[in-house]
Amino acid sequence: MAEYQKFEYDVLIVGAGGAGLRAAVEASAAGVKTAVLSKSLLGKAHTVMAEGGMAAAMGNVDDRDNWRVHFADTMRGGQYLNNWKMAELHAKEAPARVREMEAWGAVFDRTKDGRILQRNFGGHRYPRLAHVGDRTGLELIRTLQDHGIHQGIDFHMETTIVTLLKDGDRCVGVLAYDRERGRFKLFHAKAVVLATGGIGRAYQITSNSWEYTGDGHSLAYHAGAALLDMEFVQFHPTGMVWPPSVRGILVTEGVRGEGGVLRNSEGKRFMFDDIPENYKPQTADNEEEGWRYTQGDKNARRPPELLTRDHVARCIRREVKEGRGSPHGGVFLDIAWIKERLPNSVEHIKKKLPSMYHQFKQLADIDITQVPMEIGPTTHYMMGGVQVDAESQMSTIAGLFAAGESAAGLHGANRLGGNSLSDLLVFGKRAGEFAAKFAREHGAGQVNNEQVEEAARWALAPFDRGPAGENPYTVQHDLQAMMQDLVGIVRQEEEMERAIEGIQALKARAAKAGIAGNREYNNGWHTALDLNNLLTVSEAIAMAALIRKESRGAHFRDDYPEKSKYWSERNLRITKGADGHPRVEEVPVKEMPEELKQVIEEQSK
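The text that follows walks through the structure, step by step, so that each part is easy to find. What you see is a predicted model, and the numbers here were worked out from it, not measured in a lab.

Basis of the calculations
Residues numbered from 1 in each chain as written. Predicted model: local features only at pLDDT ≥ 70, side-chain atom pairs only at ≥ 80, totals over all residues. Heavy atoms only, no water. Salt bridge = Lys/Arg side-chain N within 4 Å of Asp/Glu carboxyl O. Buried < 20%, exposed > 50% of the residue type's maximum accessible area, 1.4 Å probe, protein only. Axes fitted to C-alpha atoms, helices over the stretch in contact; angles between N-to-C directions. Helix = DSSP H or I, 4+ residues; strand = E, 2+ residues; numbered from the N terminus. Parallel < 35°, antiparallel > 145°, perpendicular 65-115°, else oblique. Left-handed = near helix turned anticlockwise from the far one by under 90°. Contact = heavy atoms within 4.5 Å. Nonpolar A, V, L, I, M, F, W, Y, C, P; charged D, E, K, R; others polar. Pairing = 2+ DSSP bridges. Phe/Tyr/Trp six-rings, centres within 6.5 Å; stacked < 30°, edge-to-face > 60°. Lys NZ or Arg CZ within 6 Å of the ring centre and 35° of its normal.

Looking at the pattern of salt bridges
Opposite charge on two side chains lets them pair, provided their charged atoms get close.
No. 1: Applying the stated criterion across every chain, the model contains 55 salt bridges.
No. 2: For Asp113, the salt bridge identified is with Arg115, shortest N-O distance 3.3 Å.
No. 3: Residue classification places Arg115 among the partly exposed residues on the basis of a relative accessible area of 38%.
No. 4: As a salt-bridge pair, Arg292 and Asp297 come within 2.7 Å of each other at their nearest N and O atoms.
No. 5: Judged by its relative accessible area of 25%, Asp297 falls in the partly exposed class.

Listed below in structure tokens is the structure:
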């Protein structure tokens, strides 16, 4: 076996976003030797791009809010395919996690009497999002880093995982390489936590940063873990559409929470035309009532712009398809109109939405206090991920845990805005806690040298093929275009079959990817290795989407536009078969206990 730099830890966390850092803090506090591997630099994780806030039923703005309402909202948003236990734990524990952030130094916006301020967001009955302007994710990461850096945690930045290492049926570490010099590193650990984020870079238009190539999903799958709910990819309704260089960059839902409205090219607020039956009792049917809701009137119902993300995204797509879109293929999001209601509207917008004001001013030369923004749907979030135990976050492989966007269960068929940041904290903490417990109760396990050598040979193969091989950037571009066109917001059987066929062809091309140069700072090499992860998650998404013959949450099929009772009772689980191909099986949704059914019934009135 070649000599690799070797590290020994009790708990190894892959990913330095909100879930990874919170897991690291918890594991280290439990007294075990802990390390964090980060694909990028510390502080650059995609969590910093989360803008609107973190959902927690604290009742600071509306005292009618409590964990029961939050639980019911989350389950309904997820179309009842959620892991109900995760939804219950999340709703109950989120307030404590937010207060913990405050105790560790997070500077939240405040109510007049000094409590943490909470804002409106889509799918939430009451104002529930604790926030820091529209830079909440940045504050979350800053707070966790400032707190965690004193906990004795080791950080290995710009480090990418090649494979998970196993001893029999147990995970015992990872083989990685440093992106700067290209040297392999062997991390031997008693427990591993995957907190690698999402899969957005499998699509052409995405709000996700470059790191989001489905690494955790793919690593877990190839190691033998089960994936769940992979058909459910969330397309956020509001991403920038112009100029082309910024297409897909997120426009926070907070714009709509503060009174922003959606209009088509005719100036019509089209969201009033399509309010789903199960949301009608809680949705305003006129502009006046919708405005009052955004200004804190407890007797008003929320405007239709604050319906769930999947629904709003499809309504925008309909307007564009039927010829009522904006000049660059989106619709208009207008916050400037509030000058009709507020004399100090310019200062109000700049105070409430500072990042959005600067983003549009700097990137598109648009002043959002004066004119509408052009927006359209963008690939944003992955509800599907590694199947985990609700309480411990351990996967179906002993010693392998997952938290945040790389784990499945909490969000079901569709995530509510703001639930992601509290998800990171609630389940990041749990993953760190139970990974530390596992590490204390188990020995280190053995590293299989043959597995390490095989993975290293695979990782270096693109150099052997050289520049005569397939260009990895071209393969990635072709995959993104295909997923955008054939497995996007609206899906059809024939298109998804074509996508699955196309993915096989792209796999063959990726296996021939070649690069020039050496291992130092070689982005072509990084891209060639990322292709395996992107193709793995893309195939899982397309296969699950083809099998689920209904429309539910973020999964919408033109050929099966209605919900099906049959599919309302089933999740789809994907594992790697003995032949190396994905195996998809239907698993029954776990029966909810009577007391939680009653909670949902009470909140639906």
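Regarding the packing of helix α4 (residues 136-148) against helix α11 (residues 419-441)
No. 1: Relative orientation of the contacting elements α4 and α11 amounts to 15 degrees, with a least axis distance of 11 Å. Judged on the interaxial angle alone, α11 and α4 are roughly parallel. Judged by the twist between their axes, the crossing of α4 over α11 is right-handed. Contacts between α4 and α11 involve Thr136, Gly137, Leu140 and Leu144 from the former and Leu421, Leu424 and Leu425 from the latter.
No. 2: Of the residues assigned to the contact of α4 with α11, the class counts are 5 nonpolar, 2 polar and no charged.

Some words on the sheet that holds strand β20 (residues 582-588)
No. 1: The strand order across the open sheet built from 4 strands is β15-β10-β19-β20, with neighbouring strands paired in antiparallel fashion. The sheet terminates laterally at β15 (385-386) and β20, the two strands that pair on one side only.
No. 2: Contacts from helix α5 (residues 215-222) reach β10 (227-228), β15, β19 (570-576) and β20, with the element oriented near 65 degrees to β19.

So, the sheet that holds strand β4 (residues 118-119)
No. 1: Taken in spatial order, the 3 strands of this open sheet run β3-β5-β4, and their pairing is antiparallel. Of all the strands in the sheet, just β3 (54-55) and β4 have a single pairing partner and so form its edges.

Quick look at the packing of aromatic side chains
No. 1: Tallied over the entire structure, the rule returns 9 aromatic pairs.
No. 2: Judged by centre distance (5.7 Å) and plane angle (90 degrees), the ring pair of Tyr203 and Phe235 falls under edge-to-face. Here Tyr203 is found in the loop between β9 (184-194) and α5, whereas its partner Phe235 is found in strand β11 (residues 233-240), with 32 residues between them in sequence.
No. 3: Residue Tyr203 is classed as buried on the basis of its relative accessible area, which comes to 0%.
No. 4: Linked through ring pairs, Tyr177, Phe463 and Trp525 together constitute an aromatic cluster.
No. 5: We note Lys92 situated over the ring of Trp67; from NZ or CZ to the ring centre the distance is 4.7 Å.
No. 6: Stacked on the ring of Tyr381, the Lys or Arg Arg415 has its end atom at 4.0 Å from the ring centre.

Any functional reading would require information beyond the geometric quantities listed.
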